[in-house]
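Coordinate analysis (summary)
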Amino acid sequence: MGKATDRPGGTAPAAASWGRQAAGLVPGAATAVAGLLLTLVAGLVALPVAAWPRGRRAVLRPFGTAAVRVARLDVRRLARFHDVRLTGAGAADDGRALRYVAARWPLGLLGGVVLGCLAVGAGYGTFILYGWAITDVRHLWAVLMSSLAGLLLLFLAVQGVHGVTASEERAARRFLGPSHQDELERRIAQLATSRADVMDAVHDERRRIERDLHDGVQQRLVALGMLIGRARRHRDPERAGELLLQAHEETRHALAELREVAWRVYPAVLDEAGLRAALESVVERGPLPVALAYEVPVPLPRQVETVVYFVVSEAVTNVVKHAGATRVDVRVALAGRVLTVAVTDDGGGGADPRGSGLTGLASRVAALDGRFALDSPPGGPTVVTAELPCG
């Protein structure tokens, strides 16, 4: 049987995220300098033909090409250091890229200033620790005041890293992201596709339930009726008792299979006790050892809980049936506004993402604007991952 464990989150991920953001300001300052020079030169060159639209476009065309390259570098920087991914930003035209570069360079230079304040604040804030070794300290109160001022500057610079990062994300989305109309059209197409996929998944689930009822519960009920009929017709009381005992055992199996089908339709414990209890029931009913790490400190929306339950339940069922694994690890963690579900097994790998079960799970996740991924190289391990927004 499996076990459920809790692993409280620490400050290491937040510190690592802040470190990446601070490191991303360094190339951001470099692209800002390039953007500033590009903007100044383009403005000076375009000034004589400012009143002539065709001439202005001809003069600015090479600067637009250069601006596209700078913008692409910045988009890659935002994705690598700040986890900001812009749909369609790589296809921005010359005009949008040039406007972005012209509007963004003050933010990049501000990021460089923040990094400078960070270094100065760290130096003065810790001066009380090393100042005695490099200089003759005569006024202790001056050292203390300098250290306090340095710590204050350090605190403001740390907050400034987050502020500059957020401002850069908004600027990139404003100038390089898809237009409102393009975003609406993409959203409509996505919703139409996900709705069709959900309907297909629902129909597949109904057919599977019908097969379970027909091949399992119905066959057992038929056998139960035959055993009771034979017991009623049999004249030997001892033999009739044996047949009734078999009928009783068949009833137990039928009830167990009917309960399993009901769990696949919708688990009542999800409404009664919540997601954690429902996942623990999956762990307890599984024939393989399942380790559950549940790191969700707040209640989740009901539709998110339902999708998480079915993702875990279906993934564990697939492992039991097809993977040849000896153990399964299930992790459910909430980081910010994104809930991550990961189911890992030590089986042979090679899972087919086009299978009906995994396709149905991907459709359920997509219906909530989530992302579904399957990593199953030959030889294993297999990792099923779902990311669901909870904002």
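This structure is a prediction, so every number in the text was calculated from the model and none was measured. (Residues numbered from 1 in each chain as written. Predicted model: local features only at pLDDT ≥ 70, side-chain atom pairs only at ≥ 80, totals over all residues. Heavy atoms only, no water.)

A closer look at the pairing of strand 6 (residues 382-389)
Residues Thr382, Val384, Ala386 and Leu388 line the buried face of strand 6, whereas the alternating positions Val383, Thr385, Glu387 and Pro389 sit on a face that is not buried. By the bridge criterion, 5 bridges tie strand 5 (residues 371-375) to strand 6 in an arrangement that is antiparallel. When the bridges of strand 6 are listed, Arg371 appears paired with Glu387. Hairpin connection of strand 5 to strand 6: 6 residues between the antiparallel strands, including Gly379 at a positive phi of 95 degrees. (Buried < 20%, exposed > 50% of the residue type's maximum accessible area, 1.4 Å probe, protein only. Helix = DSSP H or I, 4+ residues; strand = E, 2+ residues; numbered from the N terminus. Pairing = 2+ DSSP bridges.)

Comments concerning empty space enclosed by the protein
The tally for this structure, following the rule as stated, stands at 2 cavities of 30 Å³ or more. The calculated volume of the largest cavity comes to roughly 40 Å³. Lining of the largest cavity is provided by Thr31, Ala32, Gly35, Val70, Asp74, Tyr100, Val101, Arg104 and Trp105. Only helix 1 (12-46), helix 2 (53-82) and helix 3 (94-125) provide two or more residues apiece to the lining of the largest cavity. Of the residues contributing to the lining of the largest cavity, the split by class is 5 nonpolar, 2 polar and 2 charged. (1 Å grid on protein atoms, 1.4 Å probe; cavity = no way out; pocket = protein on both sides within 12 Å on 5 of 7 lines; lining within 4 Å. Points joined across faces, edges and corners; volume = space filled by probe spheres on them. Nonpolar A, V, L, I, M, F, W, Y, C, P; charged D, E, K, R; others polar.)

Observations regarding the confidence of the model for the protein chain
A residue-level look at the protein chain finds 82% of positions with pLDDT of 70 or above and a mean pLDDT of 79. Every residue in residues 1-10 scores below 50 in pLDDT, and together they form 22 contacts with partners more than four places removed in sequence or on other chains. (pLDDT = per-residue confidence, 0-100. Contact = heavy atoms within 4.5 Å.)

Quick word on a nonpolar patch on the surface
On the surface, Trp141, Met145, Leu148 and Leu151 cluster together to form a nonpolar patch covering roughly 480 Å² of accessible area. Since its relative accessible area comes to 53%, Leu148 is described here as exposed. (Patch = residues over 30% accessible without salt bridge, like charges linked within 9 Å, V, L, I, M, F, W, Y side chains within 5 Å. Areas by Shrake-Rupley, 256 points an atom, 1.4 Å probe, with all protein chains shown as cover. Salt bridge = Lys/Arg side-chain N within 4 Å of Asp/Glu carboxyl O.)

Overview of the pattern of salt bridges
Summed over the entire model, instances satisfying the criterion amount to 11 salt bridges. Taking the shortest distance from any N to any O, the salt bridge between Arg77 and Glu168 comes out at 2.9 Å. With Arg77 in helix 2 and Glu168 in helix 5 (residues 140-175), this residue pair connects regions lying 91 residues apart in the sequence. Comparing Arg77 with Glu168 shows no difference in burial state: the two are buried. In this structure, Arg276 engages Glu280 in a salt bridge whose closest nitrogen and oxygen atoms are separated by 3.2 Å. Remark: Glu280 and Arg276 occur in helix 9 (residues 275-285); sequence separation between them is 4 residues, near one turn of the helix. For Glu280, a relative accessible area of 26% puts it in the partly exposed group.

Considering the nonpolar core
Generally speaking, a soluble globular protein has its nonpolar side chains buried in company with each other. Formed by 37 residues in total, the largest nonpolar core has its most connected members in Leu279, Val308, Val312, Val330 and Val332. Among the secondary structure elements, those contributing two or more residues to this core are helix 8 (268-273), helix 9, strand 2 (290-295), helix 10 (302-323), strand 3 (328-335), strand 4 (338-345), helix 11 (356-367) and strand 6. Sorting elements by how many residues they give to this core places helix 10 first, with 10 residues. Val68, Val75, Val84 and Leu98 belong to the second-largest nonpolar core, a separate cluster that totals 17 residues. (Core = buried A, V, L, I, M, F, W, Y, C linked by side-chain atoms within 4.5 Å.)

Here we look at helix 3
In this model, helix 3 (32 residues) spans 45 Å end to end at C-alpha, consistent with the 46 Å of a helix rising 1.5 Å per residue. By the largest-angle criterion, Arg104 marks the main kink of helix 3, which is about 40 degrees, and a proline, Pro106, follows within four residues. (Expected span 1.5 Å × (residues − 1). Bend = angle between axes of the 7 residues up to and from the residue.)

Considering unusual backbone geometry
Residues other than glycine seldom take positive phi values, yet Asp83 does so here, at roughly 55 degrees. Residue classification places Asp83 among the partly exposed residues on the basis of a relative accessible area of 44%. In this structure, Asp369 is a non-glycine residue whose phi angle is positive, near 65 degrees. When you line up the elements, Asp369 lands in the loop between helix 11 and strand 5.

Some words on the packing of helix 2 against helix 3
When two helices pack together, their arrangement is captured by the angle between the axes and the distance separating the axes. Direction vectors running N to C along helix 2 and helix 3 enclose 65 degrees, while the axes themselves pass 7 Å from each other. Comparing their axes, helix 3 and helix 2 come out roughly perpendicular. Along this stretch, helix 2 crosses helix 3, giving a crossing that reads as left-handed. Every residue of helix 3 that contacts helix 2 at Leu60, Arg61, Phe63, Gly64, Thr65, Ala67, Val68, Val70, Ala71, Asp74, Arg77 and Leu78 is listed here: Asp94, Ala97, Leu98, Tyr100, Val101 and Arg104. Of the residues that constitute the contact of helix 2 with helix 3, the class distribution is 11 nonpolar, 2 polar and 5 charged. (Axes fitted to C-alpha atoms, helices over the stretch in contact; angles between N-to-C directions. Parallel < 35°, antiparallel > 145°, perpendicular 65-115°, else oblique. Left-handed = near helix turned anticlockwise from the far one by under 90°.)

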